[in-house]
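# Report on the structure
Spelled out from the first residue to the last, the chains are:
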Protein chains: 2
Amino acid sequence: MKVEVVAIGTELLLGQIVDTNSSWIGEQLALAGLDSHYQTKVGDNPARMEEVLRLALSRSDAVICCGGLGPTQDDVTREVIATVMGVELVRDDAVAARIETMFASRGRTMPANNLRQAMVPVGASTIPQQPGTAPGLICPVGPAPNGQVIYAVPGVPYEMKEMVEGTVIPDLIARSGEPAVIRSRVLRTWGTSESGLAEQLAGRIAELDGDDGGAGNPTLAFLASGVEGLKVRITAKAPTEDEAIAVLDAEEPIIRSLVGDIVFGVDDQNMEAVIVSLLAERELTVAVAESLTGGYVAGRICAVPGASNVFRGGVVAYQRDIKVGLLDVEDGPVITEGAALAMAHGVRRLLKADIGLATTGVAGPDEAEGQPVGTVCLAVAGDEAERSATVRLPGDRERIRQFSTITLLDLLRRALLEGRFD
Amino acid sequence: MKVEVVAIGTELLLGQIVDTNSSWIGEQLALAGLDSHYQTKVGDNPARMEEVLRLALSRSDAVICCGGLGPTQDDVTREVIATVMGVELVRDDAVAARIETMFASRGRTMPANNLRQAMVPVGASTIPQQPGTAPGLICPVGPAPNGQVIYAVPGVPYEMKEMVEGTVIPDLIARSGEPAVIRSRVLRTWGTSESGLAEQLAGRIAELDGDDGGAGNPTLAFLASGVEGLKVRITAKAPTEDEAIAVLDAEEPIIRSLVGDIVFGVDDQNMEAVIVSLLAERELTVAVAESLTGGYVAGRICAVPGASNVFRGGVVAYQRDIKVGLLDVEDGPVITEGAALAMAHGVRRLLKADIGLATTGVAGPDEAEGQPVGTVCLAVAGDEAERSATVRLPGDRERIRQFSTITLLDLLRRALLEGRFD
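Residues numbered from 1 in each chain as written. Chains lettered and ligands numbered in written order. Predicted model: local features only at pLDDT ≥ 70, side-chain atom pairs only at ≥ 80, totals over all residues. Heavy atoms only, no water.

## A word on the overall build of chain A
In plain terms, the rule: Note on conventions: DSSP H or I runs of at least 4 residues are helices, E runs of at least 2 residues are strands, and numbering of each starts at the N terminus. Radius of gyration: over C-alpha atoms. The globule rule applied is 2.2 Å multiplied by the number of residues raised to the 0.38 power. The classification of residues rests on relative accessible area computed with a 1.4 Å probe and restricted to protein chains. Under 20% of the type maximum is buried, over 50% is exposed, and intermediate values are partly exposed. Residue contacts are defined here by distance: any two heavy atoms, one from each residue, within 4.5 Å place the two residues in contact. The Shrake-Rupley method, run with a 1.4 Å probe, gives the accessible areas here. Residue values count only the displayed protein chains as cover. Counting rule applied: Lys, Arg positive; Asp, Glu negative; His and chain ends not counted. Where a charge lies is defined by one atom per residue type, namely NZ (Lys), CZ (Arg), CG (Asp) and CD (Glu).
Tallying secondary structure elements over chain A gives 13 helices and 17 strands in all. Computed over its C-alpha atoms, the radius of gyration of chain A comes to 28 Å, more than 25% above the 22 Å expected for a compact globule of 422 residues. Looking at chain A as a whole, 55% of its 422 residues are labelled buried. Residue pairs at least 24 apart in sequence account for 69% of intrachain contacts in chain A once pairs closer than 6 positions are excluded. Total accessible area on chain A is roughly 16,300 Å²; 51% of this is exposed by carbon and sulfur atoms. Across chain A, the centroid of the 37 positively charged side chains sits 3 Å from that of the 58 negatively charged ones.

Written out as structure tokens, the structure reads:
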């Protein structure tokens, strides 16, 4: 069953509001195993709204229409849907009474405008959930049982969500007659390029797609997430949730065996959360000395609830004399792995941590110590073990600082997994 | 001139990524005075992508096509556009060389896959800006001068933005032949609510709109930007750029006189950039002691090019014993303004700065020292002057840390403007 989403509102086209509603609805449709091939944004213009709705009905079985149900003159979704249905609008007294009660309960009298919200296309039914003044509508188009349907829900996110979860999705699943569920799992990676990942997984993707080249089960997809790395999404379709999850559980180890230890986390698990839990498991504490990252490394670690169990603190040694005076770095060039290691050991001693981390390098805009912009030295140092690296990072000042941060955290992750500090 | 936006990517339909690109592009089109009536999201499916592009060309003069330019097999935007143009794809050696150089500069060899990104439709030209490996494309459809055009830009936001600002919008304005120039100026504020700002400016907005209730010149709009505060955008339309800027220059002081010193910056001037220039003008240096913000304050100051002239460094004193041992904070409760002031003076002395900044408080999830989540103490301390504040901030752990950061920077801004440290 194909379901299309239409978001209505000129403010969406003007970029004054980001349309998060369509994304959320798309996610719910996918989880319900309902296909959704198009999402359209259109302004509060009756002619264009009608054109978009007719197009959607020409290629999908159902349309979820979001927004334009308010009380003002430019809220015309009700009128447009009635036109597409070929019916009139009639006043629904039950809805009118409900709206009047809402205003009364807030000690206010209902503006006459709000009665527009009680106008319902003939043959449409209202959605029982109604957290706000705008009623949601179920609008059949064409004769049952094979007719199509337009659902109208408000653009206010919490009102929309209550109606979509409570009525629209269950109604769609009932109409679709095929109770399939879709579940997906995201493996988060750091340290390879999208094309490199694609090459590692090309064979597996071909296997899954089968000879017909059609989408197999599960399917694999890549999501580039900038400074958060690359994500591999495994999506499984099955009659029940348990079976879908079984498919994911079977596929995950296959993918991991193909891509290796670049996988650092699963689903919402970001790099800093992984670091904090790895340190906690090993009962190790960490401290950070930062030059070009200027606090980003410490800032990300502290973003994790419970960081206080493993994070001692940090020093932002932005000036040379602080590296030398406070962290015992030898006076001399400071954009070297040696300096990074000295900073890491220095902060480890100063803040009494098991492990010290350090960054030093050239964020730009100008080069430094004859080193080009993007040259970054990273170090992880413990009492008896240490690791360091020099990398060349692309992009502007901000991206270089962000990439340095996650690259250092990944260096620590690998060292911890290798048992360097056990 | 009508311009339509098409966002490509199955992950957008599945709601795994929110399509912020289309919103941003829509905003740029509006600022340029270009009409945009539809935005469509479609998955990585050649047949449906072609259908959507042909539909867009049937009702708009130009199409901005966002995404699907990556190196992997499911990035098929290049192929689909070539089909719509009715031409072949040819390898662009200059682009291929540019991509190879990018990999080389990072000490990596280019995966063969990336050569897909050098394939360009016959008759298309590449967009000069190319921050990543994906080249943007300008693809004429139909004979000039009245032909239509499809612009292809990557889905990676920073790559897309550089291309749209640098080439797509100017090219569209040139094609539109519209004499009118639209320029806008954003006044960035911190420290008031949207409704408060609306009340302060209601009278002026009414004046500008005039009796007809239509949009006047200039127009005012509010943009809520979360942790970056509230923005007041002044937009002027005039025959020439000089005249448009004259309108902005005349309006800006009127707005400032109405809202007062909550305006901290203009256009892209963020809080940290303002701080760094205020410090540089006064030849003052600063150091930061951070507890709950854990490096965010230092990290934002270091994000400004030239920060090294005014920023000494920082200490992330996440643990009590570091506050006491390294910053000379009295042992006792540390979520107090007194502790914040002690931290500020301590870091100022330790890192030899003119001014010390400090944050201490409860980011959550749990309360601390009997103080509820969101309680934050901030301090700014110089040799002879000091200021401190205790605030109750809303939101989750991350928002509390972000709001603490900009609130402290604004406290420093006001102190500097009041000449506290001159």
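## Description of the sheet that holds strand β10 (residues 219–224) of chain A
All names here are of chain A. Applied cut-off: One bridge is not enough; two strands pair if DSSP finds at least two bridges between them. For every element, the axis is a line fit to its C-alpha atoms; helices are fit only across the contacting stretch, and the angle between N-to-C directions ranges from 0 to 180 degrees.
Overall, antiparallel pairing links the 4 strands, which are arranged β10-β11-β9-β12 in an open sheet. Every interior strand has two partners, whereas the edge strands, β10 and β12 (263–266), have only one. Within the sheet, the average angular offset between the axes of one strand and its neighbour, ignoring direction, is 30°.

## Some remarks on the pairing of strand β9 (residues 181–189) of chain A
Residue and element names in this part refer to chain A. Burial analysis of β9 places 8 of its 9 residues in the buried class, which makes it a mostly covered element. As paired elements, β9 and strand β11 (residues 230–238) share 9 bridges and run antiparallel to each other. Opposite Thr189, over in β11, you have Leu230 as the bridge partner. Bridge count for β9 against β12 is 3 bridges, and the pairing is antiparallel. The residue bridging Arg188 from the neighbouring strand is Gly265, located in β12.

## Considerations on the interface of chain A and chain B
To keep things clear, this is the line we draw: Here the quantity called buried area is the total loss of accessible area, with a 1.4 Å probe, experienced by two parts when brought into contact, counted for both. What counts as a salt bridge is simple: a side-chain nitrogen of Lys or Arg found within 4 Å of a carboxyl oxygen of Asp or Glu. Counted as a polar contact is a pair of N or O atoms within 3.5 Å, where, for protein atoms, one must be capable of donating a hydrogen and the other of accepting one, and residues adjacent in sequence contribute only when both atoms are in side chains. Polar here means any residue other than Ala, Val, Leu, Ile, Met, Phe, Trp, Tyr, Cys and Pro, which are nonpolar, and Asp, Glu, Lys and Arg, which are charged; Gly is therefore polar.
Taken together, the contacts link 70 residues of chain A with 70 residues of chain B. Both sides together, the interface formed by chain A and chain B hides about 5,500 Å², and carbon and sulfur atoms give 55% of it. Summed over the shared surface of chain A and chain B, the number is 4 salt bridges. Among the ionic pairs, Arg59(B) bridges to Glu51(A), the shortest N-O distance being 2.8 Å. In this structure, the connection of chain A to chain B is made through 30 residue pairs in polar contact (both at pLDDT 80 or more). For the side of chain A that touches chain B, the per-class residue count stands at 30 nonpolar, 23 polar and 17 charged.

## What to know about the domain arrangement of chain A
It is common to give the size of an interface as the accessible area that goes away when the parts come together. Residues and elements named next belong to chain A. This is how it is decided: Residue ranges labeled as domains rest on an automatic or database domain assignment.
Annotation of chain A at the domain level lists domain 1 (3–176), domain 2 (181–266) and domain 3 (275–417). Each of domain 1 and domain 2 has a C-alpha centre, and the two are 35 Å apart. Taken together, the contact pairs 4 residues of domain 1 with 4 residues of domain 2. For the pairing of domain 1 and domain 2, the buried interface totals around 310 Å² over both sides, and the portion due to carbon and sulfur atoms is 48%.

## Topic: empty space enclosed by the protein
Short version of the rule: Buriedness of a pocket was judged along seven lines, with at least five required to meet protein on both sides within 12 Å; pockets are open sets of points on a 1 Å grid over the protein atoms alone, cavities are sets where a 1.4 Å probe fits but cannot get out, and lining residues have an atom within 4 Å of a point. Grid points are joined across faces, edges and corners, and a volume is the space filled by probe spheres set on the points.
Applying the stated rule across the entire model yields 1 cavity of 30 Å³ or more. Computed from the structure, the largest cavity encloses a volume of approximately 40 Å³. Contributing to the lining of the largest cavity are Thr40(A), Leu55(A), Arg59(A), Thr40(B), Val52(B), Leu55(B) and Arg59(B). Elements with a contribution of two residues or more to the lining of the largest cavity: α3 (46–59) of chain A together with α3 (46–59) of chain B. When residues in the lining of the largest cavity are grouped by element, the largest group, 3 residues, is from α3(B).

## Considering the packing of aromatic side chains
Test applied: Geometry of aromatic contacts follows a simple scheme: Phe, Tyr and Trp rings, the Trp one being its six-membered ring, pair when their centres are within 6.5 Å, and the pair is stacked under 30 degrees between planes, edge-to-face over 60, tilted otherwise. Cation placement over rings: the criterion is NZ of Lys or CZ of Arg within 6 Å of the ring centroid and within 35° of the ring normal.
Applying the stated rule across the entire model yields 4 aromatic pairs over all chains. Consider the rings of Phe311(A) and Tyr318(B), whose centres lie 5.5 Å apart with planes at 65°: the pair is edge-to-face. Within this pair, whereas Phe311(A) is found in strand β14 (residues 311–316), its partner Tyr318(B) is found in the loop between β14 (311–316) and α11 (320–327), the two belonging to separate chains. Just as Phe311(A) is buried, Tyr318(B) falls in that class too. Here the basic side chain of Arg59(B) rests over the ring of Tyr38(B), its NZ or CZ set 3.6 Å away from the ring centre. Across the ring face of Tyr296(B), the terminal group of Arg401(B) is positioned such that the distance to the ring centre comes to 4.0 Å.

## Remarks on α3(A)
All names here are of chain A. This is how it is decided: Expected span, for any helix, means 1.5 Å times one less than how many residues it has.
Helix length check: α3 (14 residues) gives 20 Å between terminal C-alpha atoms against 20 Å at 1.5 Å per residue, within 8%. Residues Met49, Val52, Leu53, Ala56, Leu57 and Arg59 constitute the buried set of α3. The backbone nitrogen of Ala47 lies 3.2 Å from a side-chain oxygen of the residue at the head of α3, namely Asn45.

## Describing the confidence of the model for chain A
In plain terms, the rule: Residue-level confidence of the predictor, termed pLDDT, takes values from 0 up to 100.
Here chain A averages 92 in pLDDT, and 98% of its residues register 70 or above. The complex model carries a pTM of 0.77, and its ipTM stands at 0.77.

## Quick look at the environment of Leu89(A)
By secondary structure assignment, the location of Leu89(A) is in strand β4 (residues 89–91). Ignoring anything within four residues of it in the chain, the contact list for Leu89(A) reads Arg78(A), Glu79(A), Ala82(A), Met119(A), Val120(A) and Pro121(A).

## Digging into the pattern of salt bridges
If you walk through the whole model with that rule in mind, you get 55 salt bridges over all chains. With its nearest N and O atoms 2.6 Å apart, the salt bridge here joins Glu272(B) to Arg300(B). In this pair, Glu272(B) is assigned in helix α9 (residues 271–281) and Arg300(B) in helix α10 (residues 296–302), connecting sequence segments 28 residues apart. Each member of the pair Glu272(B) and Arg300(B) is classed as buried. The structure contains a network of salt bridges with shared partners spanning Arg185(A), Asp249(A), Glu252(A) and Arg256(A).

## Re the nonpolar core
Going by this rule: Here, nonpolar core means buried Ala, Val, Leu, Ile, Met, Phe, Trp, Tyr and Cys residues that are tied together by side-chain atoms lying within 4.5 Å of each other.
Grouped together as the largest cluster of nonpolar side chains are 46 residues, with contacts concentrated most on Val315(A), Leu327(A), Val347(A), Val315(B), Leu327(B) and Val347(B). Secondary structure elements with two or more residues in this core: β13 (286–290), α11 (320–327), α12 (337–350) and β16 (375–381) of chain A together with β13 (286–290), α11, α12 (337–350) and β16 (375–381) of chain B. Leu278(B), Val286(B), Leu393(B) and Leu408(B) belong to the second-largest nonpolar core, a separate cluster that totals 41 residues.

## Points about the side chain of Thr405(A)
Residue and element names in this part refer to chain A. By the element assignment, Thr405 lies in helix α13 (residues 397–417). Within the structure, the side chain of Thr405 is placed 2.8 Å from the backbone oxygen of Arg401, a separation counted as a polar contact. Residues contacting Thr405, with those up to four places away along its chain left out, are Thr293, Tyr296, Val297 and Arg300.

## Some details on the sheet that holds strand β10 (residues 219–224) of chain B
Two strands in a sheet stick together by hydrogen bonds in their backbones, pointing the same way (parallel) or opposite ways (antiparallel). All names here are of chain B. Ordered in space as β10-β11-β9-β12, the 4 strands form an open sheet in which the pairing is antiparallel. Two strands bound the open sheet, and with one partner strand each, they are β10 and β12 (263–266). Taking the axes of each pair of neighbouring strands and ignoring which way they run, one obtains an average angle of 30° across the sheet. Relative to β10, helix α7 (residues 194–209) is tilted by about 165°, and along the sheet it contacts β9 (181–189), β10 and β11 (230–238).

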